[in-house]
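Residue-level structure breakdown
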Amino acid sequence: MRDKRIAVLAVQETHLTEDKVISLENQFERRLKIYNSGDPLQPNSKGVAILLNKQLTKWQEATTVEIVAGRALL
């Protein structure tokens, strides 16, 4: 995201748990904000995420709505 100057990246099939999201945000805290939606019943089978480049977006103003857990995030 840094090299290609990507501001917003939508990712599917993430298979992320909340612990992993926290770990990734701690690792890239100066550059990325991660919004994740995973299926709480099957965390290793579904998931979508939206990654915001903190240097190119107004990430503090961003909000999300989980439409379908693990499948759709707005």
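For the structure itself, look to the data block above.
Rules of the game
Residues numbered from 1 in each chain as written. Predicted model: local features only at pLDDT ≥ 70, side-chain atom pairs only at ≥ 80, totals over all residues. Heavy atoms only, no water. Core = buried A, V, L, I, M, F, W, Y, C linked by side-chain atoms within 4.5 Å. Buried < 20%, exposed > 50% of the residue type's maximum accessible area, 1.4 Å probe, protein only. Helix = DSSP H or I, 4+ residues; strand = E, 2+ residues; numbered from the N terminus. Contact = heavy atoms within 4.5 Å. Pairing = 2+ DSSP bridges. Axes fitted to C-alpha atoms, helices over the stretch in contact; angles between N-to-C directions.

If you look at the biggest cluster of nonpolar residues, it comprises six residues: Leu 16, Val 21, Leu 32, Ile 34, Ala 49 and Leu 51. Within the second largest apolar cluster, five residues are counted, among which are Val 48, Ile 50, Leu 52 and Leu 73.

Looking at where Leu 56 falls in the secondary structure, it is placed in the loop between β3 (48–53) and β4 (66–68). As for Leu 56 and Arg 31, which are separated by 25 residues in sequence, their C-alpha atoms are 9.3 Å apart. Residues within four places of Leu 56 in sequence aside, it is in contact with Arg 5, Ile 6 and Ala 7.

What follows deals with the pairing of strand β2 (residues 32–37). With respect to burial, β2 is a largely interior element, five of its six residues being buried. Here β2 runs beside β3; their pairing, made up of six bridges, is antiparallel. In the strand pairing of β3, Leu 32 is matched with Asn 53.

Spatially, the three strands line up as an open sheet ordered β1-β3-β2, and their pairing is antiparallel. Taken across any chain shown, the strands that pair with only one partner, and hence form the sheet edges, are β1 (8–12) and β2. Between one strand axis and the next, the sheet turns through 15° on average, direction left out of account.

Everything listed here is a matter of coordinates, which is why it stays silent on function.
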